[in-house]
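Report on the structure
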Amino acid sequence: MITPEVTATATAPGRPRGGLVNVPKRFLPVIATFVVFVATFGVGSVRYEGFASGQVMANLFIDNAFLIVLAVGMTFVILTGGIDLSVGSVVALSTMIAASALQAGWPAWLVVVTVLATGSALGLAMGWVIHRFGVQPFIVTLAGMFLARGLCFVISVESVSIKDPAFRELATGSIELPGGVTITYGVVIALVTVLAAVYVLHLTRFGRTVYAVGGSESSARLMGLATTRVKVGVYVISGFCSALGGLLFSLYMLSGYSLHAVGMELDAIAAVVVGGSLLSGGVGFVIGSVVGVLVLGTIQTLISFEGTLSSWWTKIVIGALLLAFIALQRIIVRRT
Amino acid sequence: MTEPVVDMRGISVEFPGVKALQEVDFRLFPGEVHALMGENGAGKSTLIKALTGVHRIAAGEVRYAGERVSFSAPAEAQAAGISTVYQEVNLCGNLTVAENILLGREPRKLGRIDGKAMRARAAELLARIGLHIDPGSVLESHPIAVQQLVAIARAVAVDARVLVLDEPTSSLDADEVAELFRIIRVLRDEGVAVLFVTHFLEQVYEISDRMTVLRNGRLVGEHMTAALSRIDLVSAMLGREMGVLEEIERRSGTPGEPLLVAEGLGRKGSVAPFDLEIRKGEVVGLAGLLGSGRTEVARLLFGADKADSGRLLVDGKQVRLTGPRAAIEAGVAFSSEDRKAEGIVADLSVRDNLILAMQAARGWARPVPRKLADELVAKYIELLDIRPADPDRAVGNLSGGNQQKVLLARWLVTQPKLLILDEPTRGIDVGAKAQIQKVVADLAAEGMAVLFISAELEEVVRVSDRVVVMRDRQKVAELDGEVGVDDVMALIAGGGDHGVDQGVEKAVAS
């Protein structure tokens, strides 16, 4: 062809040279989150002796394993432009089912399967209602939130402690990493969940359709993609992750209680947003959400090291961070 | 002669209460670019949608590649080789170019997407249409024009035999259009049949081999592009409305001071910089085809879109229109062409609709007294002959013409200095049309400046003291005094050599 060739002007073809300067814009929020994480951790290391240790880092994962799993599920939902408010209540319901079923003498494996199935089924039901009746996800999952929380009280209003030896062993057992750092099995489960999520989101048709639906649902449908399956599927995934997070939480607390994890859905949403996902959908990474959880965890650790500060300062700092990130995203979006 | 790849015979499409298409014949040959022409509501989109399986066909048959077909969904048509690229880019901006081209049919290896193979395949398809961009880059990072071309790459990725382009150029500038046309020619030479819909006459004459003209859901004719002059095309598209309407008496009053002066006002991608002067007591008509920029001019003057060049003077003072509120404060009122979406509040009563703009002007702290509201409502119901004359009836229950009158009354209540009317008579009956035209004339006689936009040339010419002609987003002429429909039509058609008489050429101001 003897015609002039078009080259796009916005991004130069080929990979950018010159290192950090030319990072694709979509990675910016994640990088910003990572910088915030390093900075907060750095502040802690400078101010407090013993903060910059491997074990403090490992504790971040141990104390937040359940939140990481929740944030992974929430990332799927938010990527499609939806929201899932039920996750905190489903965590509580999961701890309740697990604790009371174990008390009733069920084998541990059956308890695990039951809890995961319940969470997934709740997610499926909510996703189906959202799709079938075209209702706002906010309202449907709000209903799911009340439903799950109410079911907890139907099982028991008291806290039920877990005495099952298998569960106790899982909860207290630890894996030693090189350097004398120990982590729990919960951390391993959380990290496996993260890896699985990354694989699904980036290397399967389902995952790419999640991004496509979030980018433009009508376009995705016109392109002949399986939008229905994806829109319902993400709530199943979120429900499954909530149940899994609930199991990790019951390992962490070794009890089931109706008032566990009150407001945890908001922590999960905050982690996802701080991690750089757009609430309008289509933009974000699971890794970002994980770093978002770590940022929240680090702030909590900082405040506990400070000792004199009230733990409510965590909420204040998280609030400020959320605002900052939403502003940052608006700026990035407007530039495109 | 070769066989047509698409042959539609006697196609009728009906929507509840409306015959959108009536017995339309349409043929599309391989290796040709075929333009589908017609004004808004002529049935172009309906015909395309009847072909691609979006709309059900009430009568007639569609033959595709010699076989009788009836697609029930766009996906079926696409699988058979009929790809459509819509006016808005229907892709996902947040994904990469390669993904957008191959989404839903990505090459896979052991169940997982093979990113490398996907980028390679995408690069191949992009190369076919001569577009050299990084397939791994995010679609959003490219200009709309490139995104449009990526949409075409996706459309031809399935070995399309028919490519439907529904107004692909409406958001492109001249260079980008040239690039699109180059690609269309490449595909045409490969034997793809291209169906092209646009409102830009220049482009039709540049790219198309053959055209089909529709008007009001009926076939007007099929022509070789080379054999149909612009003036004939425009008159085929617009038709002629016979003199059903009563003559409006020309006001003898002389227009007063300039009320609004626009100097070099423009907005990139919307309308080219233009000069415009509207004097008190004058009706200025704005004529042009749909998409010529006539509505865009109105939106700029009202501050609904922000101008990025030029300045605007109202009453000799420069004003900065930061939005409609600023415009209303400056005394400008704008009655939108889309009265359902941007005009009336269907569930509120006639009275409430009428005083809405007035209330906005007074501020929430000073409610409009009931007595004043009743007086005003009674006055305008009588003045405009709104029927039924019941101030408590919900506006949604009124006929289109009466809804338009309520909308007009709402702005008149605020006593604007300049009234912009965008298609005030579209879709309303002849009687109401005449009434509205008369009101416009009376208002001007009382000293109000009016900018009157309409697709109907006869109406524009009859109502206006001066007519500004728009073509391809540019102001091409300003005609003073007694102008004829033919003169305006010639200017709208453009090209200059199709019988524009001398008098008109002298009157061309810019």
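Residues numbered from 1 in each chain as written. Chains lettered and ligands numbered in written order. Predicted model: local features only at pLDDT ≥ 70, side-chain atom pairs only at ≥ 80, totals over all residues. Heavy atoms only, no water.

Topic: the overall build of chain B
From N to C terminus, chain B includes 18 helices and 22 strands. Its C-alpha radius of gyration of 25 Å places chain B within 12% of the 24 Å reference for a compact globule of 510 residues. The contacts of chain B with a sequence gap of at least 6 include a subset with a gap of at least 24, amounting to 68%. Put simply, chain B shows about 21,600 Å² of open surface, and 49% of that area lies on carbon and sulfur atoms. Taken together, the 61 basic and 74 acidic charged side chains of chain B have centroids lying 4 Å from each other. (Helix = DSSP H or I, 4+ residues; strand = E, 2+ residues; numbered from the N terminus. Rg over C-alpha atoms; globule rule 2.2 N^0.38 Å. Contact = heavy atoms within 4.5 Å. Areas by Shrake-Rupley, 256 points an atom, 1.4 Å probe, with all protein chains shown as cover. Lys, Arg positive; Asp, Glu negative; His and termini not counted. Charge placed at Lys NZ, Arg CZ, Asp CG, Glu CD.)

What about the sheet that holds strand E22 (residues 474–480) of chain B?
Residues and elements named next belong to chain B. Here we have 6 strands laid out as an open sheet, ordered E18-E19-E20-E15-E21-E22, and mixed in their pairing. Every other strand in the sheet has two partners, leaving strand E18 (332–335) and E22 as the edge strands with one partner each. For this sheet, the mean inter-axis angle between neighbouring strands, taken without regard to orientation, is 15 degrees. Here strand E15 (residues 283–287) pairs with strand E21 (residues 466–471) via 4 bridges, running parallel. Note on E21: the bridge partner recorded for Ala287 is Val469. Its contacts with the sheet place helix H14 (residues 400–413) against E18 and strand E19 (418–422), and it is angled at close to 170 degrees to E18. (Pairing = 2+ DSSP bridges. Axes fitted to C-alpha atoms, helices over the stretch in contact; angles between N-to-C directions.)

Remarks on the nonpolar core
Of all hydrophobic cores here, the largest spans 141 residues; its most connected members are Ile101, Val150, Ile152, Leu163 and Ile184 of chain B. Of the residues forming this core, the biggest block, 18 residues, is contributed by helix H2 (residues 54–79) of chain A. Residues lining this core come from more than one domain, with at least three contributed by each of domain 1 (1–81 + 160–168 + 192–239) and domain 2 (87–159) of chain B. Those residues within four positions of Val150 of chain B in sequence are excluded, and the remaining contacts are Leu91, Val97, Asn100, Ile101, Leu131, Ile133 and Leu139 of chain B. In this structure, Leu384, Leu408, Ala444 and Val468 of chain B belong to the second largest nonpolar core, which totals 64 residues. (Core = buried A, V, L, I, M, F, W, Y, C linked by side-chain atoms within 4.5 Å. Buried < 20%, exposed > 50% of the residue type's maximum accessible area, 1.4 Å probe, protein only. Domains from an automatic or database assignment.)

Digging into helix H5 (residues 144–156) of chain B
Along an α-helix, a turn takes 3.6 residues, which lines up residues three or four apart on a common side. All names here are of chain B. Given a rise of 1.5 Å per residue, 13 residues ought to cover 18 Å, and the 19 Å separating the end C-alpha atoms of H5 matches this to within 8%. Counting buried positions along H5 gives 12 out of 13 residues, so the element sits mostly inside the fold. Its buried side turned inward, H5 meets strand E6 (82–85), helix H3 (97–102), helix H4 (115–128), strand E9 (162–166) and helix H6 (174–189). (Expected span 1.5 Å × (residues − 1).)

A short note on the packing of H5 of chain B against H6 of chain B
Residue and element names in this part refer to chain B. Running from N to C, H5 and H6 cross one another at 15 degrees; their axes reach a closest spacing of 10 Å. With respect to their mutual orientation, H5 and H6 come out roughly parallel. In terms of crossing hand, the pair formed by H5 and H6 is right-handed. Touching Ala145, Leu149, Ile152 and Val156 of H5 are Glu176, Glu179, Leu180, Ile183 and Leu187, all from H6. Split into classes, the residues belonging to the contact of H5 with H6 amount to 7 nonpolar, no polar and 2 charged. (Parallel < 35°, antiparallel > 145°, perpendicular 65-115°, else oblique. Left-handed = near helix turned anticlockwise from the far one by under 90°. Nonpolar A, V, L, I, M, F, W, Y, C, P; charged D, E, K, R; others polar.)

Focus on the domain arrangement of chain B
Residue and element names in this part refer to chain B. Parsing chain B into structural domains produces domain 1 (1–81 + 160–168 + 192–239), domain 2 (87–159), domain 3 (256–331 + 416–510) and domain 4 (343–415). When each unit is reduced to the centre of its C-alpha atoms, the spacing between domain 3 and domain 4 is 26 Å. The interface is formed by 14 residues belonging to domain 3 together with 12 residues belonging to domain 4. For the domain 3 and domain 4 pair, buried surface summed over both sides reaches about 1,100 Å², with 75% attributable to carbon and sulfur atoms. Among the residues domain 3 hides against domain 4, the three largest losses belong to Pro416, Gln435 and Val439. Together they make up 39% of the total. Counting the contacts that link domain 3 with domain 4 gives 0 salt bridges. Taken together, domain 3 and domain 4 are joined by 0 residue pairs in polar contact (both at pLDDT 80 or more). (Buried area = accessible area lost by both parts, 1.4 Å probe. Salt bridge = Lys/Arg side-chain N within 4 Å of Asp/Glu carboxyl O. Polar contact = N/O pair within 3.5 Å; in protein donor to acceptor, adjacent residues only side chain to side chain.)

Some words on the packing of aromatic side chains
Residue and element names in this part refer to chain A. Counting across every chain of the model gives 15 aromatic pairs over all chains. With 5.5 Å between their ring centres and 55 degrees between their planes, Phe66 and Tyr252 make a pair best called tilted. In this pair, Phe66 sits in helix H2 while Tyr252 sits in helix H10 (residues 227–253), placing the two residues 186 residues apart along the sequence. Members of the aromatic cluster, connected to one another through ring pairs, are Phe34, Phe37, Phe41, Tyr48, Phe51 and Phe305. The positively charged end of Arg132 is found above the aromatic ring belonging to Phe133, 5.4 Å away from the centroid. The ring of Tyr211 carries Arg208 above its face, with NZ or CZ at 4.7 Å from the centroid. (Phe/Tyr/Trp six-rings, centres within 6.5 Å; stacked < 30°, edge-to-face > 60°. Lys NZ or Arg CZ within 6 Å of the ring centre and 35° of its normal.)

A word on the environment of Gly50 of chain A
Of note, Gly50 of chain A is situated in the loop between helix H1 (28–47) and H2. On a C-alpha basis, the gap between Gly50 of chain A and Phe153 of chain A in space is 42 Å, while along the polypeptide they are 103 residues apart.

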